Amino acid sequence: MNIETQLKQLRLHGMGRSWQALLETRKHHELSFTEGMEMLLQAEEDDRSDKRFERLQRSAHFRYQASIQELHMETSRGLDKSLVANLATGDYIAKGEAVLVCGSTGTGKSFLASALGHHACSQGYKVVYYNLQKLLLKTKMSRIDGTIYKFFEKLSRTDLLILDDFGLTHLEQQQRMDFMEIIEDRHACKATIIASQLPVASWYDVIGENTIADALLDRMVHTSYRIELKGESLRKKK
């Protein structure tokens, strides 16, 4: 049995492609055993990392294909390069912190949230992206079919939860309770990004019911990173 067949049977696809490339270029004769092994192992590691990234991206269901490199970093837009660089380290995810992104329509909130999410996937974190209204609809349906606790548990295990379009409508009582459950499960242990057209000062009214609003804002606001995007709609510039 030759090497290519054995690598294929063992599902070492990265090593297999690298070995094939070495054979085709006849460079395998130029490498020592250690050098060749290091090259093959690195190829396998890169291949598995790429495949994991692709799986994480697919399961996240991002609104946009976006990257940090594509962000418009003008200071006038309210986007601080040093803050973005800090978030790019993924430290906020490891610490279970929140990022609140506000700004009017078209300023790039969803794109920024998606870019941070894609970057988190590249670092191996499990990410889920939801429009908040669709998430609350899913909790409602899960409550009806009896899978709500399983759904909450699945969300709580996600390294980074991105909630887009917060504040488009006022929350109803059950929605408030479900939202509170989700945020409570994540507080100080799993990261959350919330994007909203409304300034944080207006969130209290959207949530409604003073006790729950106080509890939610206490968990979301006081220890979070805040980004307020400004300027003309980026959609008009396209």
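Above this text is the structure in question.
Rules used in this analysis
Residues numbered from 1 in each chain as written. Predicted model: local features only at pLDDT ≥ 70, side-chain atom pairs only at ≥ 80, totals over all residues. Heavy atoms only, no water. Pairing = 2+ DSSP bridges. Helix = DSSP H or I, 4+ residues; strand = E, 2+ residues; numbered from the N terminus. Axes fitted to C-alpha atoms, helices over the stretch in contact; angles between N-to-C directions. Patch = residues over 30% accessible without salt bridge, like charges linked within 9 Å, V, L, I, M, F, W, Y side chains within 5 Å. Areas by Shrake-Rupley, 256 points an atom, 1.4 Å probe, with all protein chains shown as cover. Salt bridge = Lys/Arg side-chain N within 4 Å of Asp/Glu carboxyl O. 1 Å grid on protein atoms, 1.4 Å probe; cavity = no way out; pocket = protein on both sides within 12 Å on 5 of 7 lines; lining within 4 Å. Points joined across faces, edges and corners; volume = space filled by probe spheres on them. Nonpolar A, V, L, I, M, F, W, Y, C, P; charged D, E, K, R; others polar. Parallel < 35°, antiparallel > 145°, perpendicular 65-115°, else oblique. Left-handed = near helix turned anticlockwise from the far one by under 90°. Contact = heavy atoms within 4.5 Å. Buried < 20%, exposed > 50% of the residue type's maximum accessible area, 1.4 Å probe, protein only. Lys, Arg positive; Asp, Glu negative; His and termini not counted. Charge placed at Lys NZ, Arg CZ, Asp CG, Glu CD.

Draft legend 1. Molecular detail of the sheet that holds strand S1 (residues 98-102). With parallel pairing, the 5 strands of this open sheet are ordered in space as S2-S3-S4-S1-S5. At either margin of the open sheet sits one strand with a lone partner, and together these are strand S2 (127-131) and strand S5 (225-228). If you compare each strand with its neighbour and ignore which way they point, the axes differ by 10 degrees on average. The pairing of S1 with S5 spans 4 bridges and is classified as parallel. Counterpart to Leu100 in the pairing with S5 is Arg226.

Draft legend 2. Here's a closer look at unusual backbone geometry. A positive phi angle is found at His61, which is not glycine, with a value near 60 degrees. With respect to the helices and strands, His61 occurs in the loop between helix H3 (33-60) and helix H4 (81-88). Here Asp165, not a glycine, exhibits a phi torsion of approximately 60 degrees, which is positive. Its location among the elements puts Asp165 in strand S3 (residues 160-166).

Draft legend 3. Just a nonpolar patch on the surface, in detail. Taken together, the side chains of Phe33, Met37 and Leu41 define a hydrophobic patch exposed on the protein surface, amounting to about 320 Å² of accessible area. Its location among the elements puts Leu41 in helix H3.

Draft legend 4. Broad picture of empty space enclosed by the protein. Following the criterion strictly, the structure yields 1 cavity of 30 Å³ or more and no others. By volume, the largest cavity is sized at about 30 Å³. Taken together, Phe152, Leu155, Ser156, Ile182, Asp185 and Arg186 form the lining of the largest cavity. At the level of secondary structure, the elements contributing two or more residues to the lining of the largest cavity comprise helix H8 (148-157) and helix H9 (173-186). Residues that form the lining of the largest cavity fall into these classes: 3 nonpolar, 1 polar and 2 charged.

Draft legend 5. Looking closely at the packing of H8 against H9. Relative orientation of the contacting elements H8 and H9 amounts to 40 degrees, with a least axis distance of 9 Å. With respect to H9, the axis of H8 lies oblique. H9 is crossed by H8, and the crossing has right-handed handedness. Here Phe152, Leu155 and Ser156 of H8 come into contact with H9, specifically with Asp178, Glu181, Ile182, Asp185 and Arg186. Per-class residue counts for the contact of H8 with H9 are 3 nonpolar, 1 polar and 4 charged.

Draft legend 6. The pattern of salt bridges, seen in detail. Inspection of every chain in the model, using the stated rule, returns 7 salt bridges. For Asp91, the salt bridge is made with Lys95, and the minimal N-O distance between the two is 3.1 Å. Looking at Asp91, the relative accessible area reads 31%, which means it is partly exposed. Sharing partners across several salt bridges, the network here consists of Arg63, Asp164 and Asp165.

Draft legend 7. Just a negative patch on the surface, in detail. Together, Glu45, Asp46, Asp50 and Glu54 give the surface a local cluster of negative charge. Of note, Glu54 is situated in helix H3. Overall, Glu54 belongs to the partly exposed group, its relative accessible area being 41%.

Draft legend 8. Focus on the layout of surface pockets. Computed from the structure, the second largest pocket encloses a volume of approximately 240 Å³. Residue lining of the second largest pocket: Ser59, His61, Lys126, Val128, Tyr129, Tyr130, Lys138, Phe151, Lys154, Leu155 and Thr158, and that is the complete set. Breaking the lining of the second largest pocket down by element, the ones donating at least two residues are S2 and H8.

That's the geometry; what it means functionally is another story.
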